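# Breakdown of the fold
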Amino acid sequence: MGNPNFNFKSLRGNAVLRWEYMPGSTLYLVWTQTRDDFERIGDFNLGNSIHRLAQANAKNIFVVKFTYWWNP
């Protein structure tokens, strides 16, 4: 059986910009960033954990959504 002590950290953030350029028609810009880190040692040290999480590779996702309202 493996060592049950470990330290997994995760940070996720989202930002959404919404612009209604005409009544009923919108443009959305979305940015998501995820960072995670894993250590085999189970000791908790807040300063060290935050530093390691800040140094972890970031995964960025950008999405654009465009809607147009057809006025009959």
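Residues numbered from 1 in each chain as written. Predicted model: local features only at pLDDT ≥ 70, side-chain atom pairs only at ≥ 80, totals over all residues. Heavy atoms only, no water.

Counting its secondary structure elements, the protein chain contains 1 helix and 3 strands. Taken from the N to the C terminus, the helices and strands of the protein chain come in the order β-β-α-β. A compact globule built from 72 residues would reach a C-alpha radius of gyration of about 11 Å, whereas the protein chain, at 20 Å, exceeds it by more than 25%. Once the C-alpha set of the protein chain is aligned to its principal axes, its extents read approximately 65 × 30 × 15 Å. In the protein chain, which comprises 72 residues, the share counted as buried stands at 17%. For the protein chain, the proportion of contacts with a sequence separation of at least 24, taken over those separated by at least 6, is 62%. Looking at the protein chain as shown, the accessible area adds up to about 6100 Å², and 60% of this sits on carbon and sulfur atoms. Mean positive and mean negative side-chain charge positions of the protein chain (8 and 5 charges, respectively) differ by 6 Å. (Helix = DSSP H or I, 4+ residues; strand = E, 2+ residues; numbered from the N terminus. Rg over C-alpha atoms; globule rule 2.2 N^0.38 Å. Buried < 20%, exposed > 50% of the residue type's maximum accessible area, 1.4 Å probe, protein only. Contact = heavy atoms within 4.5 Å. Areas by Shrake-Rupley, 256 points an atom, 1.4 Å probe, with all protein chains shown as cover. Lys, Arg positive; Asp, Glu negative; His and termini not counted. Charge placed at Lys NZ, Arg CZ, Asp CG, Glu CD.)

Take the sheet that holds strand S3 (residues 59-66) next. Strand-to-strand pairing in sheets goes through backbone hydrogen bonds, with the strands running parallel or antiparallel. Taken in spatial order, the 3 strands line up as S1-S2-S3 in an open sheet, and their pairing is antiparallel. The open sheet is flanked by strand S1 (7-22) and S3, the only strands paired with a single partner. The mean inter-strand angle of the sheet, taken between neighbouring strand axes irrespective of direction, is 10 degrees. Looking at chain direction, S1 and strand S2 (residues 25-39) are connected through 15 bridges and run antiparallel. In the strand pairing of S2, Phe 8 is matched with Phe 38. Most of the contacts of helix H1 (residues 46-55) go to S2, to which it runs at about 125 degrees, and overall it touches S1 and S2. (Pairing = 2+ DSSP bridges. Axes fitted to C-alpha atoms, helices over the stretch in contact; angles between N-to-C directions.)

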